[in-house]
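Each chain, written out:
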Amino acid sequence: MDHAAVIEILDRDGRCEDLLKVHQWPLTIGRSPSADLVLPDPHLAGAHARLHWTEQGARLEMLESLNGGWLDGQRLTAGASAAWPSAATVQLGTTRLRLRTALDPLPDERPLARGDEPVRRDARPAWALPAMLVAWLFLLWLTNWSLTDGSSTWVDTVSGVLVPLGLALVWTAVWALITQVFRHWFAFGAHLWRALVVSLVLQLVDVALPLVAYAFSWGRLMAFESLALSLGGAVLLWWHAAVVWPRARRRLALAIGAMAVLGLALTVGRRTEQQYWLAPSYLSALPPPAVRLVDPQPVDSFVSSMERLQAPLQKQARKRNDQDQMSGDDE
Amino acid sequence: MFSLSTVFTAHRGAASASTAQKVLVPMALLLAALAFTGLSRAAPAAPASADKPRAAAVAATGMASAPAVASSQAAQAAPAAAGPVPLAPSAASAQLPERHPTQVSASARRLYERARAQLLQVRTLLNGSQASVGSGFVVTAEGHVITNYHVVSQHALEPERYRLQFSTPDGESGELQLIDVDVRRDLALLRLVGDPALLRRMTAAPLPFRPADQPLAKGERIYSMGNPHDVAFAVVEGTYNGLVERSFDPLIYYSGSINPGMSGGPVVDEDGEVVGVNVSTMFFSQQMSFLVPGGHAGALLARSRAAAPLKGPAWPRLREQMMAYQEELVRNFLAQPWRSLDHPRYRLPVPQEQYMRCWGSASPADAQGLQMQRTQCRMEQAVFISEELQTGYLSVTEEAYDGSQLGALRFSRQYSASFRNERLGGADRDRTAPYCTEDFVQQKDGPPLRAVACLRAYRKLEGLYDVSVLVTNVDAPTQGALGRFDARGVSFPNATRLTRHYLQGFAWTTPR
């Protein structure tokens, strides 16, 4: 049949929810059982519209109805008639329809997105999640252990690991529930993986940054610690959200990125009186001596390096004095 | 010191202020309990040490800062929170006349009667209400009055907001002008303004100073006068106990009860000659009070007797005096060689105890994990600038850590945490936030060190800085020594000199 066509009934996300093959032209659309395409939409007339095949392609004729319809947002009242190109969406009542004919070029078959595969075939090998969990727990234990003095009992040790683990599981479960709501998929493994990866990376940064900063005596490197925290938090949020709303990845990235930048700006704004906008005033890490890679300098050169503080300190001291005077004048 | 009197006086007016007082007292008691526990453990035989009088007063009145310090590290044994309190009040009604003459010794009665006309209460008024009260006394026929700087500091720093007024034991009153201050000794020179007849009566027989060539002997009876807590003028008998030991500036130790509101009042000998000026008491101790020696007041008078009243805020004057004071203090300190803490590996600089007091503490001998011993040395003298700002002192803390039971990894974590704990202060009204420089430092033949030098600039006292130097040894995986040197209110060149001096104090115990 030359005029082979299908009408797609779209859901709220614009995806095809149901599909009807057009067996004959013209074709009536309405709520009445006698219509060729019966739609269960209370906002439709019994016979709401009729679809014709003409030389120029499909054409929609509006029949007598209360609500009429829209062609790509353009109003169609009763009696109106309009060509229905394949790209256009027609809304009748609350139902949105799209037309696809044999004349339209058929898009190539698209590769399957991993999220659309059966859940069993996961993004990572089966051992990855347990291995990550073990690494995560080990690092947690190591962190706790490094702060003990040998007097702690196994109860302390276990609870020190279980409490954060519990928090991580609750966090994951919440995200899995959200995914369940939006995608009908209790994506526990996917979210747990994301939470573990990001927190592990943050912990490693937390360990590595001070070591590098100390080795080369680059105290300023610690600025990345606070950056890493907000950046890591933002990435984690986005990564979770991308599972829930895979089609909105880019918008999510923008929104979460903007929030992270705003948070950072607030942090910096609070610290403008400090020497540094980020990071503490001095590097407090004191790893074992083997880590140090630079040679110490003589006392005199250290003392003369204090000189460069004088000008900025004087400037900072005068700043508030000026403000005081200004407010005094205002009164 | 006088901040306590502020609390007291405020109590009379606003209900909110009385809450403040109620809060203050239990906190102060709590602090005292802590201080004493710490002390008795650390040095059972020591007399209640306590910060210098003035500093101690700060601990009790400026509660906000005190607890922060106390909580900073567990074994805060050294400077206990004791302290002197200023003194001050008068009552308009004060018809003091002896209702119970038999309870007053003959001398006290005689001396009070003689000094009565020269005694006055100094009141600092804000919008007509008294913001703080102290005492003072007339020393010249021209109407010069001596009191404490801390009694008039609000007026000195913000003359357009705070006015000075005096009132006499008979309830008469008039204005006061600020002529000069000696902030280092906490003294102020004022001048009476008001009804000529009243002034004539008050200046008829100004109080004389006891000549410097007639020193008092320990145990002599002296008599302190003033108006405690704005209740009524009082005369308090006590004993001269010589000078406070290990004090940079001489301060008389007086065994007598001085109370807030009496600050700036005279202390006279049996002949009615001024030997000192009430300045502070030590909190949570019995009858431990401190007097500025009368000679300093005499010197201030001699220096500025002919001066015109100060115009505008006294910041420039304070700056000048603080500059001179820190110059003298730092020169003196730099001339002293360091002592060393008793440590098998490192020589750790500890100051001489000429005008600093050192207190030692350590983790329990059977403690598991990180072992620590600490020596904390501090000047107990501090210069009062305002209630929020006391400055002009030095302190040194040395802590030796041994983590051989912990291993390198755990030691490094816990030692880092201790290094991170150091408080450097933040930006406030008086000072900027700390600006630091840091690096590895090593002297020839000395151990490698990690050094951090942080400075805060004073906003109003331009050219003065607080400097904190943190130093730690970085040559051993399970051992470390953490030193901290603090100087408050020094010039920039002196801050660098002190930093160099301190860093040079670190060495190996046995040269290698």
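Predicted model only: the values in this text are computed from it and were never measured.

*Asks:* For this particular structure, what's the right way to read the overall build of chain B?
*Replies:* Each helix and strand in chain B was counted, giving 11 helices and 25 strands. Residue burial in chain B is summarised as follows: out of 512 residues, 61% are buried. Pairs at least 24 apart in sequence give 68% of the contacts found in chain B among residues at least 6 apart.

*Asks:* Explain the overall build of chain A to me, please; I cannot follow it from the model alone.
*Replies:* Across its full length, chain A carries 7 helices and 11 strands. Relative to the 2.2 N^0.38 estimate, which gives 20 Å for 331 residues, the radius of gyration of chain A is 32 Å and therefore markedly larger than a compact globule would have. Judged by the C-alpha coordinates and their principal axes, chain A covers about 95 × 65 × 35 Å. Taking all 331 residues of chain A together, 36% fall into the buried category. Long-range contacts, defined here as pairs at least 24 residues apart, represent 48% of the contacts in chain A between residues at least 6 apart. Entry remark: accessible area of chain A is about 19800 Å², with carbon and sulfur atoms responsible for 62%. Here chain A holds 30 positive side-chain charges and 31 negative ones, and the gap between their average locations is 3 Å.

*Asks:* I'm lost on a nonpolar patch on the surface in this one. Help?
*Replies:* Residues and elements named next belong to chain A. Taken together, the side chains of V207, L211, V212, F216, W218 and L293 present a nonpolar region at the surface, about 530 Å² in accessible area. Of note, V207 is situated in helix α3 (residues 188-216). Residue classification places V207 among the partly exposed positions, given a relative accessible area of 47%.

*Asks:* Help me understand the sheet that holds strand β24 (residues 479-491) of chain B, please; the structure alone is not making it clear to me.
*Replies:* Within a beta sheet, neighbouring strands are joined by backbone hydrogen bonds and run either parallel or antiparallel to one another. Residue and element names in this part refer to chain B. One open sheet holds the 7 strands; their spatial order is β16-β17-β20-β24-β23-β22-β21, and the pairing between them is antiparallel. Every other strand in the sheet has two partners, leaving β16 (357-362) and β21 (435-441) as the edge strands with one partner each. Direction aside, neighbouring strands of the sheet carry axes that sit 10° apart on average. Against the sheet, helix α9 (residues 315-334) makes contact with β20 (394-402), β23 (464-473) and β24, and its axis sits at roughly 145° relative to β24, the strand it touches most. The strands touched by helix α10 (residues 408-420) are β20, β22 (449-457), β23 and β24; relative to β24, the strand with the most contacts, the crossing angle is about 10°.

*Asks:* Sorry, what's going on with the pairing of strand β4 (residues 162-167) of chain B here?
*Replies:* Side chains on a regular strand alternate between the two faces of the sheet. Residues and elements named next belong to chain B. Where burial is concerned, most of β4 is hidden: 5 out of the 6 residues are buried. Relative to β4, strand β1 (residues 119-126) runs antiparallel, the two being bridged by 6 bridges. By the bridge assignment, T124 is partnered in β4 with L164. Direction of pairing for β4 relative to strand β5 (residues 173-182): antiparallel, over a ladder of 3 bridges. Within β5, the position partnered with F166 by the bridge is G174. Here β4 hands over to β5 after 5 residues, with G171 in that stretch at a positive phi of 90°.

*Asks:* Please explain the sheet that holds strand β2 (residues 16-22) of chain A as it appears in this structure.
*Replies:* All names here are of chain A. With antiparallel pairing, 6 strands are arranged side by side in an open sheet as β2-β1-β11-β10-β7-β8. The open sheet terminates on both sides in strands that have one partner only, identified here as β2 and β8 (74-76). Direction aside, the axes of adjacent strands within the sheet are offset by 25° on average. Where strand β1 (residues 5-10) and strand β11 (residues 95-101) come together, 6 bridges link them in antiparallel fashion.

*Asks:* Please explain the confidence of the model for chain A as it appears in this structure.
*Replies:* Residues shown with low pLDDT carry predicted positions that ought not to be read at fine detail. All names here are of chain A. Confidence in the prediction of chain A, expressed as mean pLDDT, is 88, and 93% of residues score 70 or more. Taken element by element, chain A is modelled with least confidence in helix α7 (residues 310-330), mean pLDDT 71, and with most confidence in helix α6 (residues 299-305), mean pLDDT 95. Contacts from residues 326-331, a stretch scored under 50 in pLDDT, to residues over four places away or in other chains number 0 contacts.

*Asks:* Explanation requested: the packing of aromatic side chains in the structure shown.
*Replies:* Centre-to-centre distance and the angle between the planes together describe a pair of aromatic rings. Summed over all chains, the structure comprises 23 aromatic pairs over all chains. When the centroid spacing of 5.2 Å and the interplanar angle of 50° are considered together, the rings of W25(A) and W53(A) count as tilted. In this pair, W25(A) is assigned in the loop between β2 and β3 (27-30) and W53(A) in strand β5 (residues 49-54), connecting sequence segments 28 residues apart. Considering the side-chain rings of F248(B) and Y355(B), the 4.8 Å spacing of their centres and the 75° angle between planes classify their relative orientation as edge-to-face. On the criterion of sequence distance, the pair formed by F248(B) in the loop between β8 (234-243) and β9 (252-255) and Y355(B) in the loop between β15 (349-350) and β16 is long-range, its members being 107 residues apart.

*Asks:* Explain α3(A) to me, please; I cannot follow it from the model alone.
*Replies:* Counting along an α-helix, one turn takes 3.6 residues, and residues three or four places apart therefore face a common direction. Here α3(A) spans 42 Å end to end across 29 residues, near enough to the 42 Å set by a 1.5 Å rise per residue. Looking at the residues trailing α3(A), positive phi occurs at S217(A), about 55°.

*Asks:* Whenever I open this one, unusual backbone geometry confuses me. Can you help?
*Replies:* Outside of glycine, negative phi angles account for most residues, and trans bonds account for most peptide bonds. Going from W25(A) to P26(A), the amide bond is cis rather than trans, its omega being -15°. A positive phi angle, close to 55°, is found at H184(A), a residue other than glycine. As for its position among the elements, H184(A) is in the loop between α2 (154-183) and α3. For H184(A), a relative accessible area of 65% corresponds to the exposed category. Its identity as a non-glycine residue notwithstanding, D230(B) has a phi of 60°, on the positive side.

*Asks:* Looking at this structure, I do not really get the state of the cysteines. What am I missing?
*Replies:* A covalent bond between the sulfur atoms of two cysteines is what we call a disulfide. Residue and element names in this part refer to chain B. Using the criterion set out here, one finds 2 disulfides over all chains in the structure. With its sulfur 2.1 Å from that of its partner, C358 forms a disulfide with C377. Judged by the sign of its S-S torsion, about 110°, the cystine formed by C358 and C377 is right-handed. Taken together, the positions of C358 in strand β16 and C377 in strand β17 (residues 371-378) put the pair 19 residues apart, joining distant regions of the chain. Here C436 connects covalently by a disulfide to C454, the sulfurs 2.0 Å from one another. Between C436 and C454, the S-S dihedral sits near 105°, and the bridge is therefore right-handed. You can see C436 sitting in strand β21 and its partner C454 sitting in strand β22, a full 18 residues away along the chain. For C454, a relative accessible area of 3% corresponds to the buried category. Along chain B, the cysteines engaged in disulfide bonds are linked according to the scheme 1-2, 3-4 when indexed in sequence order.

*Asks:* Please explain the nonpolar core as it appears in this structure.
*Replies:* In summary, soluble globular proteins display a tendency toward joint burial of nonpolar side chains. If you look at the biggest cluster of nonpolar residues, it comprises 82 residues, and the most contacted ones within it are L192(B), L318(B), M379(B), I385(B), L455(B) and F485(B). Tallying contributions element by element places α9(B) first for this core, with 8 residues. Sequence-distant contacts of I385(B), defined by excluding residues within four places in its chain, comprise Y149(B), S153(B), L157(B), V183(B), W315(B), L318(B), M322(B), T391(B) and L461(B). Grouped together as the second largest cluster of nonpolar side chains are 28 residues, M222(A), L278(A), Y282(A) and V474(B) included.

*Asks:* It is not clear to me how the interface of chain B and chain A should be interpreted in this structure. Could you clarify?
*Replies:* Where the parts come together, the accessible area they lose is often given as the size of the interface. Across the contact, 57 residues belong to chain B and 49 residues belong to chain A. Surface buried jointly by chain B and chain A totals about 4900 Å² across both partners, of which 60% is contributed by carbon and sulfur atoms. The tally of links between chain B and chain A comes to 3 salt bridges. With its nearest N and O atoms 3.0 Å apart, the salt bridge here joins R318(A) to E462(B). If you list the elements that add at least two residues to the side of chain B that touches chain A, you get α10, β21, β22, β23 and α11 (492-504) of chain B. Looking at the side of chain B that touches chain A, its residues break down into 29 nonpolar, 13 polar and 15 charged.

How each quantity is defined
Residues numbered from 1 in each chain as written. Chains lettered and ligands numbered in written order. Predicted model: local features only at pLDDT ≥ 70, side-chain atom pairs only at ≥ 80, totals over all residues. Heavy atoms only, no water. Helix = DSSP H or I, 4+ residues; strand = E, 2+ residues; numbered from the N terminus. Buried < 20%, exposed > 50% of the residue type's maximum accessible area, 1.4 Å probe, protein only. Contact = heavy atoms within 4.5 Å. Rg over C-alpha atoms; globule rule 2.2 N^0.38 Å. Areas by Shrake-Rupley, 256 points an atom, 1.4 Å probe, with all protein chains shown as cover. Lys, Arg positive; Asp, Glu negative; His and termini not counted. Charge placed at Lys NZ, Arg CZ, Asp CG, Glu CD. Patch = residues over 30% accessible without salt bridge, like charges linked within 9 Å, V, L, I, M, F, W, Y side chains within 5 Å. Salt bridge = Lys/Arg side-chain N within 4 Å of Asp/Glu carboxyl O. Pairing = 2+ DSSP bridges. Axes fitted to C-alpha atoms, helices over the stretch in contact; angles between N-to-C directions. pLDDT = per-residue confidence, 0-100. Phe/Tyr/Trp six-rings, centres within 6.5 Å; stacked < 30°, edge-to-face > 60°. Expected span 1.5 Å × (residues − 1). Disulfide = S-S within 2.5 Å. Core = buried A, V, L, I, M, F, W, Y, C linked by side-chain atoms within 4.5 Å. Buried area = accessible area lost by both parts, 1.4 Å probe. Nonpolar A, V, L, I, M, F, W, Y, C, P; charged D, E, K, R; others polar.

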